[in-house]
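Remarks on the overall topology
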There are 2 protein chains.
Amino acid sequence: RLCRQSGSTGSLAVKLSTAAEVKTSTAKNGDKVLNLGNMNPQVRAVEYAVRGPIVARASEIEKELQQGVQKPFTEVIRANIGDSHAMGQQPITFLRQVVALCTYPELFEYSHFPADAKRRAQCILMDCGGKSLGSYSVSQGLDCIRHDVARYIETRDGGVPVNPDNIYLTTGASDGITTIMKLLVSGEGTMRTGVMIPIPQYPLYSAVISELGAVQVNYYLNEENYWALDKDELRRSFNAARNYCNPKALCIINPGNPTGQVQSRKCIEDVIHFAYEEKLFLLADEVYQENIYSEGCEFHSFKKVLYEMGLEYSSTVELASFHSTSKGYMGECGYRGGYMEVINLDPEVKVQLEKLLSVRLCPPVSGQVAMDVVVNPPKPDEESHETFMKEKKIVLSNLAEKAKLTEEVLNTVPGMKCNPLQGAMYAFPRIFIPPNAIQEAKAQAMAPDMFYCMSLLEETGICVVPGSGFGQKEGTHHFRMTILLPVEKLKVLLQNVKDFHIKFLQKYA
Amino acid sequence: RLCRQSGSTGSLAVKLSTAAEVKTSTAKNGDKVLNLGNMNPQVRAVEYAVRGPIVARASEIEKELQQGVQKPFTEVIRANIGDSHAMGQQPITFLRQVVALCTYPELFEYSHFPADAKRRAQCILMDCGGKSLGSYSVSQGLDCIRHDVARYIETRDGGVPVNPDNIYLTTGASDGITTIMKLLVSGEGTMRTGVMIPIPQYPLYSAVISELGAVQVNYYLNEENYWALDKDELRRSFNAARNYCNPKALCIINPGNPTGQVQSRKCIEDVIHFAYEEKLFLLADEVYQENIYSEGCEFHSFKKVLYEMGLEYSSTVELASFHSTSKGYMGECGYRGGYMEVINLDPEVKVQLEKLLSVRLCPPVSGQVAMDVVVNPPKPDEESHETFMKEKKIVLSNLAEKAKLTEEVLNTVPGMKCNPLQGAMYAFPRIFIPPNAIQEAKAQAMAPDMFYCMSLLEETGICVVPGSGFGQKEGTHHFRMTILLPVEKLKVLLQNVKDFHIKFLQKYA
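Residues numbered from 1 in each chain as written. Chains lettered and ligands numbered in written order. Predicted model: local features only at pLDDT ≥ 70, side-chain atom pairs only at ≥ 80, totals over all residues. Heavy atoms only, no water.

The name that an unreviewed UniProt entry assigns to chain A is alanine transaminase, with the source organism given as Callorhinchus milii. One UniProt comment on chain A, placed under Sequence similarities (unreviewed entry), says "Belongs to the class-I pyridoxal-phosphate-dependent aminotransferase family. Alanine aminotransferase subfamily." (UniProt positions renumbered as here; feature names shortened; annotations may be inferred.)

Observations regarding the side chain of B:Gln140
Residues and elements named next belong to chain B. Counting through the fold element by element, Gln-140 comes out in the loop between α5 (115–126) and α6 (143–156). For Gln-140, the side chain forms a polar contact with the main-chain oxygen of Asp-165, separated by 2.8 Å. Apart from residues no more than four positions distant in its own chain, Gln-140 is found in contact with Arg-146, Pro-164, Asp-165, Asn-166, Ile-167, Tyr-168, Leu-169, Lys-350 and Glu-354. (Helix = DSSP H or I, 4+ residues; strand = E, 2+ residues; numbered from the N terminus. Polar contact = N/O pair within 3.5 Å; in protein donor to acceptor, adjacent residues only side chain to side chain. Contact = heavy atoms within 4.5 Å.)

Digging into unusual backbone geometry
Of the consecutive residues A:Asn254 and A:Pro255, the connecting peptide bond is found in the cis state with omega at -10°. Note on placement: A:Pro255 falls in the loop between β5 (246–253) and α10 (265–278). Between A:Asn257 and A:Pro258 the backbone carries a cis peptide bond, its omega angle lying at 15°. Residue placement: A:Pro258 occurs in the loop between β5 and α10. Despite not being glycine, B:Lys131 shows a phi value in the positive range, around 50°. The residue B:Lys131 is located in the loop between α5 and α6 in this model.

Observations regarding the relation of the copies chain A and chain B
Expressed as a screw operation, the relation of chain A to chain B combines 0.0 Å of axial shift with a rotation of 180°, fitting to an RMSD of 0.0 Å. Such a combination of rotation and displacement between the chain copies is what one expects of a two-fold axis. No C-alpha of chain A lies nearer the rotation axis than that of A:Ala100, which sits 2.5 Å from it. (Least-squares fit on C-alpha atoms with pLDDT ≥ 70 in both.)

Considering the UniProt feature "domain: Aminotransferase class I/classII large" (unreviewed entry) in chain A
Look at the UniProt record and you will see "domain: Aminotransferase class I/classII large" (unreviewed entry) annotated at residues 130–495 of chain A. Secondary structure across residues 130–495 of chain A divides into 42% helix and 15% strand, with the first and last C-alpha atoms of the span separated by 55 Å.

Comments concerning the packing of helix α9 (residues 231–241) of chain A against α10(A)
To characterise two packed helices, one gives the angle between the axes of the helices and the distance between these axes. Residue and element names in this part refer to chain A. Where α9 contacts α10, the axes come no closer than 10 Å and their chain directions differ by 25°. Classified by the angle between their axes, α9 and α10 sit roughly parallel to one another. For α9 against α10, the interelement crossing comes out right-handed. Facing Lys-231, Leu-234, Arg-235 and Phe-238 of α9, the residues of α10 in contact are Asp-270, Val-271, Phe-274, Glu-277 and Glu-278. (Axes fitted to C-alpha atoms, helices over the stretch in contact; angles between N-to-C directions. Parallel < 35°, antiparallel > 145°, perpendicular 65-115°, else oblique. Left-handed = near helix turned anticlockwise from the far one by under 90°.)

Thoughts on the interface of chain A and chain B
Between chain A and chain B, the contact holds 93 residues from the first and 93 residues from the second. Interface area, chain A with chain B, both sides summed: about 7,800 Å², of which 56% is carbon and sulfur. The three residues of chain A that bury the most area against chain B are A:Val33, A:Leu34 and A:Tyr136, which together make up 10% of that side's buried surface. Where chain A meets chain B, there are four salt bridges. (Buried area = accessible area lost by both parts, 1.4 Å probe. Salt bridge = Lys/Arg side-chain N within 4 Å of Asp/Glu carboxyl O.)

Observations concerning the pairing of strand β2 (residues 167–170) of chain A
Residues and elements named next belong to chain A. Of the two faces of β2, both are covered, the one formed by Ile-167 and Leu-169 as well as the one formed by Tyr-168 and Thr-170. As judged from the four bridges shared by β2 and strand β8 (residues 338–343), these two strands associate in the antiparallel manner. Opposite Tyr-168, over in β8, you have Met-340 as the bridge partner. (Buried < 20%, exposed > 50% of the residue type's maximum accessible area, 1.4 Å probe, protein only. Pairing = 2+ DSSP bridges.)

Details of the packing of aromatic side chains
Describing an aromatic ring pair means giving the distance of the ring centres and the angle of the ring planes. Tallied over the entire structure, the rule returns 33 aromatic pairs over all chains. Here a set of aromatic residues connected by ring pairs shows up, and it is made of A:Tyr104, A:Tyr110, A:Phe113, B:Tyr104, B:Tyr110 and B:Phe113. Positioned over the ring face of A:Tyr426 is A:Arg480, at 3.9 Å from the centre of the ring. (Phe/Tyr/Trp six-rings, centres within 6.5 Å; stacked < 30°, edge-to-face > 60°. Lys NZ or Arg CZ within 6 Å of the ring centre and 35° of its normal.)

Some points on the side chain of A:His501
Within the secondary structure, A:His501 is located in helix α18 (residues 487–507). Judged by relative accessible area, A:His501 falls into the buried class, the value being 0%.

Considering helix α8 (residues 204–212) of chain B
All names here are of chain B. With nine of its nine residues buried, α8 lies for the most part within the structure. When we look at burial in α8, the residues that qualify are Leu-204, Tyr-205, Ser-206, Ala-207, Val-208, Ile-209, Ser-210, Glu-211 and Leu-212. Gly-213 sits one or two positions beyond α8 and adopts a positive phi of about 65°.

Brief notes about the sheet that holds strand β5 (residues 246–253) of chain B
Residues and elements named next belong to chain B. Pairing is mixed across the open sheet formed by seven strands, whose spatial order is β2-β8-β7-β6-β5-β3-β4. Unpaired on one side and paired on the other, β2 (167–170) and β4 (215–220) mark the two borders of the sheet. For this sheet the average axis-to-axis angle between neighbouring strands, irrespective of direction, equals 25°. Inspection of the sheet shows strand β6 (residues 281–285) paired to strand β7 (residues 319–324) by four bridges, in the parallel sense. Bridge pairing in β7 places Asp-285 opposite Phe-322. Each of β3 (193–199), β4, β5 and β6 is contacted by α8, which is oriented at about 160° to β3, the strand it contacts most.

Things to note about the pattern of salt bridges
Residues and elements named next belong to chain A. If you walk through the whole model with that rule in mind, you get 58 salt bridges over all chains. Here Glu-62 and Arg-78 are joined by a salt bridge, their closest N and O atoms 2.9 Å apart. Pair noted here: Glu-62 is in helix α3 (residues 53–66) and Arg-78 is in strand β1 (residues 77–78), with a separation of 16 residues, a long-range link. When its relative accessible area of 23% is taken as the criterion, Arg-78 is described as partly exposed. For Arg-151, the salt bridge identified is with Asp-148, shortest N-O distance 2.7 Å. With Arg-151 and Asp-148 both in helix α6 (residues 143–156), this residue pair falls three residues apart, about one helical turn. Looking at Asp-148, the relative accessible area reads 11%, which means it is buried. Here the residues in one salt-bridge network are Arg-57, Glu-60, Glu-64, Lys-71 and Glu-458, joined through shared partners.

Here we look at empty space enclosed by the protein
What the rule picks out here adds up to eight cavities of 30 Å³ or more. There is about 640 Å³ of room inside the largest cavity. Every residue lining the largest cavity is counted, 32 residues in all, and those nearest its centre are A:Thr171, A:Asp175, A:Arg360, B:Asp175 and B:Arg360. Listing elements by their share of the lining of the largest cavity, those giving two or more residues are β2, α7 (172–184) and α13 (347–359) of chain A together with β2, α7 (172–184) and α13 (347–359) of chain B. (1 Å grid on protein atoms, 1.4 Å probe; cavity = no way out; pocket = protein on both sides within 12 Å on 5 of 7 lines; lining within 4 Å. Points joined across faces, edges and corners; volume = space filled by probe spheres on them.)

As for the state of the cysteines
Tallying each qualifying case throughout the model produces zero disulfides over all chains. In this structure A:Cys267 is a free cysteine whose sulfur lies 12 Å from that of A:Cys297, the closest cysteine sulfur available. (Disulfide = S-S within 2.5 Å.)

Quick notes on the environment of B:Pro435
All names here are of chain B. Mapped onto the secondary structure, Pro-435 falls in helix α16 (residues 435–443). Residue classification places Pro-435 among the exposed residues on the basis of a relative accessible area of 59%. Sequence-wise, Pro-435 and Tyr-508 are 73 residues apart; in three dimensions their C-alpha atoms are separated by 7.6 Å.

Quick word on the sheet that holds strand β10 (residues 426–427) of chain B
Residues and elements named next belong to chain B. The three strands lie next to each other as β10-β14-β13, forming an open sheet whose pairing is antiparallel. The open sheet has two edge strands, β10 and β13 (465–466), and neither has a second partner. Of the strand pairs in this sheet, β13 and strand β14 (residues 479–482) are connected by two bridges, and their pairing is antiparallel. Within the sheet, the bridge partner assigned to Val-465 lies in β14 and is Arg-480.

Focus on the domain arrangement of chain A
All names here are of chain A. The domains assigned to chain A are domain 1 (49–86 + 389–508) and domain 2 (115–375). Inter-centroid distance (C-alpha atoms) of domain 1 to domain 2 is 28 Å. Across the contact, 30 residues belong to domain 1 and 32 residues belong to domain 2. Between domain 1 and domain 2 the total buried area reaches about 2,600 Å² when both faces are included, carbon and sulfur atoms providing 56% of it. (Domains from an automatic or database assignment.)

So, the environment of B:Arg192
All names here are of chain B. Of note, Arg-192 is situated in the loop between α7 and β3. Taking C-alpha positions, Arg-192 is 5.6 Å from Asn-246, a pair spaced 54 residues apart along the chain. A polar side-chain atom of Arg-192 sits 2.8 Å from the main-chain carbonyl oxygen of Gly-187.

Describing the packing of helix α3 (residues 53–66) of chain B against helix α17 (residues 448–460) of chain B
All names here are of chain B. Direction vectors running N to C along α3 and α17 enclose 15°, while the axes themselves pass 11 Å from each other. It follows that α3 is roughly parallel to α17 by the angle criterion. Handedness of the crossing formed by α3 with α17: right-handed. Where α3 abuts α17, its residues Pro-53, Ile-54, Arg-57, Ala-58 and Ile-61 lie against Met-450, Cys-453, Met-454, Leu-457 and Glu-458.

What follows is the structure, given as structure tokens:
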């Protein structure tokens, strides 16, 4: 059922090894109730490169290092995933204080904790059953937090109205995206729901599309124009898709992951206009909305632009926007907090959405609390404001510095070309892979950039994700690396990448 | 695709109202991209009574009370969901101390916290990236916690070996159950995967089966024999199912939800033998394993019995067992913590399972920490042991008292019959509904027990869940209520239920 457009290479290596496994399976494990041959084929089709074979190998290498195996490096550096705290970023104090107070209310008597943290925790606990973080919340998320989210969005968007009833707290943004996709998928054959996603994309999208048996419809971002989204390409992709599916949803990631571009207001308007004309449900992945670095770039939310386009648009276009505790300057990935705002949803579908959410009971309540602090940090007249501002500034200015540094260094490498990191947390440089290396990759049944990244890992300990895991134009190669290491370590990493690349070019010249 | 056996009435009310909605939808919202008519039909087929229309009405009534609307009661009592803390149960101190320390490590310097809580928190943080709860954990869950789970199971089962690699931390038990079901579903038409579930069941099962488009295969528990699982009924159900699907999985809930029975060792052996013979994948929902009240009843895990049956069974039968932070005596629902142990899984399917889990990144890390304390509470030689034992005893002895009280009082009500609450947290009494009331329910397009529960809610403020939401033998009616209220309040509630029932019988005599 899953129909990929040609030109979007998934991870070749994964596909080949799966094919090999099937054979073994039939021979060895045919007597299992559940085996590779009879399991859910949609789940089997799922690929997720960010934690794929390259990361499995990284873990193995770490174990080998522990066992004293000699390597040309002493530690594995995980630049594969946007996991700020793991790279040494410190938590925002106020967030942790509020969560700690909610967790263990005896701390209210502890003078160490500032009054604003106590007020906030008090307020949240009042909304919890039995005043305990251990109670289920309502499925949609705690009322007081959804109201804080609503106020955040209203302020962010210059007063555009927000209905807290349209806010749903989620288990990270991934959960929200999956839930909306679940609602959208229906039909058989050429009437099967098509979901338009950017290429390169964050592989959650392709994974969920596989899992749900929807049809992945690729539109290509323009690498030559800073990974901008092009209206004509959107149209081309949509028209082509109508021949083999029913394109019903359009996903946008802004700022881009893995590509780091920040969409212009004009471009967002174009996308909304297109969705309006072609009757597409919009999914706006805006988890990097606080991560903007380049001068002249600004974050425009789809919601705001939609409202500025007038009632004809703002009263009709169906839009879900996603945010998360994991990114921004808080970087609290482990809490699995997030929210989505869903507007213009058919009221009857809203009932269905709420029913679906209720089956999983509620998002983790401590993640909800973390989300509250993300959208409602200390205000200028509050006790924790000064510390908070200092902490926030350190994280964001560091990220901006590292974004610039990464772009600059990578562009000094021969056979490497990196677009500006306008936002988000990643570089996605294009890499030249010599024909001899492509040969060698084929011989080892790997995608060329998987082969490249595996070599990088084996020789330097640096773990990055091959571009094929995100999708890329046929014949081009990339990798994604995070910019989350402390500046000094990042400098070393970039130098190591550079040295490796030069050696790689020589080896396969 | 979803094929229910006749005799399992779903919620009639929900079905009827859905049919009505479709009509309106086509008229009003046909212009929506996503509407009731074109949304995912599998999601639309989902029903989840525990948070269904009755709970929505309870929320409305709460708002009416706040607005000063006069009612024959002053508060809504939510006896619909196993949410211990919301009903006033206090958290276990040690659990919250460990979570607070992990959240805000500055607390390590605070003398209020006992040394064992600090040791535990230290140990967990060492396993977190950047020693922060804000990092993603590995998808399978933190290593140190999975090892604690393994030791817990080994001790519980008298030394049966546990491989920590078979332990997966989850976002509550629901998440684990859903994940395993996802792997199992495949095939079309009469080869579609059938999943055997008890009737009455916890409606997560039917909901996930709907969502995945699997086939629900009902086997009926024997109400006349304390809701015991009957081997012959299992066989009948399986044989019937083979005519319309490919039954591949067998779900057991022990102790039972909503039925509260504790399975005998002999019965578990029968089930395992049956699964072995018929090649069924076993899903053992054992989240109430600590909640055993009746004398002579004992919890036997499927894992333990499987191993006691000898190598022929223990080396072949594929079994997933689920546990949770939400039940037991800790009752930490809001943390969404859980684990599953999966044994005899095809190694190639294991790879697929781990890939699938990696897409959602990781379970909430604070929920993982809560799970750690559930499986590894303070030991006799540790600082917190005395307090812990006192707290644990209070909760469990209270629950045992309330289980007995509830059974006794409900059995004094004319036209009501309640099996012993051997375990779990619910009473599921059978209720006689007079023909006149059944007439009236039909006139209002409701299932008879939905009508009964709605009347109970409107007249007393007590919110319970109709038996039709769990499934029941045709022509019988029940409701599920929790026994979590404090003893004195529970007494009042039971008296109110009794008074209501007697009046109801008179009214519709």
